[in-house]
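Observations on chain architecture
As a plain string of letters, each chain reads:
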Amino acid sequence: MRRLRLLHNLARYGTVSATAEALRLTAPAVSQQLTALEREAGTRLLERDGRKLRLTEAGRVLVAHAEVMLDQMAAAEADLVALRAEVSGTVRIAAFPSAMAALLPPAWTRLTARHGTRLRLRLTEMDPSDGLTALRRGEVELTVAHAYDFLPAALPPGCERHELATDPVVVALPVATGPHEGADAVEPVDLATLADHAWISAPHRTTCFEMSQRACGNAGFVPRIIAECGDFPAVLAMVAAGIGVSLIPRMAVRHIPPGVMLHPLAVHVTRSVFAATRRSGTQYPAVRVVLDELLATPAATPQPS
């Protein structure tokens, strides 16, 4: 296309020097590219006419085709410029459940209000590791994931991490187990004091299960797990019933049922909630605006039921 553009401009300007000046090239560079184009075409495209070069019949045919192709290229470039300037298209998002509840709905509402049907969002629930794998494979454009402070998450090659929130882990206790400060207690709890209690944990092979194991291990005991559940409202219902105690990320608590107190930990455990994109992903306006809305969305504070 570069050589066809040179031929097209030569037909317009008439001489190599005028063509070179218009395109800000040197005359020898223009001549070399035209000679290479003739070799590629397999026929003479130019002939001397005094100090000028004149198109042969083959040259005129190729210039006519070049004009059509250059017009198509210009239209393609204009479309790309429009896409870069206008927020439109589909953005596929993977997110873990508590982020889907706390972060995605308000961001989605604002995005819909600002961009209407031009921007289409497709949201799929995925565990953080699965979401990062989907991002690496190109199955989604953006993943919302998390990593505990002692369980770092490795980003796939070619991806970027964008911090969204720091989410503290709290311990959920039945009212009868701790002091009665209220649904969101302020007195820190030393996990070692809960070594003899029954525990409710996230399922095996999840990062939340591993977090509980390590936090309790750091406190000097192995938790006696009597129930495994990945649904945090169900976990809180079991805590309220006095079945056991549990470690829960604060963002995962949307409503605090009666009979449950949430205490901070004496030895803090936190998880970082982040969005991940491919490095080239944020060059697309649709992905960029979704990321910006997530960055601007604070995690809502849950209220007692």
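Residues numbered from 1 in each chain as written. Predicted model: local features only at pLDDT ≥ 70, side-chain atom pairs only at ≥ 80, totals over all residues. Heavy atoms only, no water.

Here we look at the overall build of the protein
- Looking only at helices and strands, the protein has ten helices and 13 strands in total.
- Scaling as 2.2 N^0.38, a compact globule of 305 residues should have a C-alpha radius of gyration of about 19 Å, whereas the protein reaches 31 Å, well beyond that.
- Along the three orthogonal principal directions, the C-alpha set of the protein runs to about 105 × 40 × 25 Å.
- Taken across its 305 residues, the protein has 42% of its residues classed as buried.
- Put simply, 75% of the contacts in the protein that link residues at least 6 apart link residues at least 24 apart.
- A total of about 15,900 Å² of accessible surface is found on the protein, and carbon and sulfur atoms cover 54% of it.
- Across the protein, the centroid of the 31 positively charged side chains sits 11 Å from that of the 30 negatively charged ones. (Helix = DSSP H or I, 4+ residues; strand = E, 2+ residues; numbered from the N terminus. Rg over C-alpha atoms; globule rule 2.2 N^0.38 Å. Buried < 20%, exposed > 50% of the residue type's maximum accessible area, 1.4 Å probe, protein only. Contact = heavy atoms within 4.5 Å. Areas by Shrake-Rupley, 256 points an atom, 1.4 Å probe, with all protein chains shown as cover. Lys, Arg positive; Asp, Glu negative; His and termini not counted. Charge placed at Lys NZ, Arg CZ, Asp CG, Glu CD.)

Section: unusual backbone geometry
- Despite not being glycine, R205 has its phi angle at roughly 65°, a positive value.
- Looking at where R205 falls in the secondary structure, it is placed in the loop between β7 (198-201) and α8 (207-218).

A short note on α8
- With twelve residues, α8 ought to run about 16 Å at 1.5 Å a step, and its terminal C-alpha atoms sit 16 Å apart, in line with that.
- Within the span of α8, buried status applies to C208, F209, M211, S212, A215 and C216. For α8, the angular spread of the buried residues around the axis is 160°, confining them to a single face.
- Just downstream of α8 lies G220, where phi reads positive at about 100°. (Expected span 1.5 Å × (residues − 1). Arc of directions from axis to C-beta.)

Looking at the packing of aromatic side chains
- Inspection of every chain in the model, using the stated rule, returns one aromatic pair.
- One Lys or Arg, R161, reaches over the ring of F274 and ends 4.0 Å from the middle of that ring. (Phe/Tyr/Trp six-rings, centres within 6.5 Å; stacked < 30°, edge-to-face > 60°. Lys NZ or Arg CZ within 6 Å of the ring centre and 35° of its normal.)

Let's talk about the confidence of the model for the protein
- On average, residues of the protein score 87 in pLDDT, and 91% of them reach the 70 mark or higher.
- Confidence drops under a pLDDT of 50 for residues 300-305, and excluding neighbours within four residues, the segment shows 15 contacts in the predicted structure. (pLDDT = per-residue confidence, 0-100.)

Considering the pairing of strand β2 (residues 52-55)
- Residues L53 and L55 line the buried face of β2, whereas the alternating positions K52 and R54 sit on a face that is not buried.
- Here strand β1 (residues 46-49) hands over to β2 after two residues, with G50 in that stretch at a positive phi of 70°. (Pairing = 2+ DSSP bridges.)

Thoughts on the environment of R120
- Relative to the elements of secondary structure, R120 occurs in strand β4 (residues 119-125).
- Along the sequence, R120 and A29 sit 91 residues apart, while their C-alpha atoms lie 47 Å from each other.
- In this structure R120 touches G89, T90 and V91, once residues within four positions along its chain are discounted.
- At a separation of 3.1 Å, a polar atom in the side chain of R120 contacts the side chain of T90. (Polar contact = N/O pair within 3.5 Å; in protein donor to acceptor, adjacent residues only side chain to side chain.)

Brief notes about the nonpolar core
- Grouped together as the largest cluster of nonpolar side chains are 35 residues, with contacts concentrated most on L191, W199, L247, I248 and L262.
- Where this core is concerned, the elements lending two or more residues are β6 (159-174), β7, α8, α9 (232-240), β9 (246-249) and β11 (260-264).
- Counting residues in each nonpolar core, the second largest holds 26 residues, with F96, A102, L119 and V144 among its members. (Core = buried A, V, L, I, M, F, W, Y, C linked by side-chain atoms within 4.5 Å.)

A look at the pairing of β1
- Across four bridges, β1 lies against β2 in antiparallel orientation. In the sheet register, L46 faces β2, and the bridge partner there is L55.

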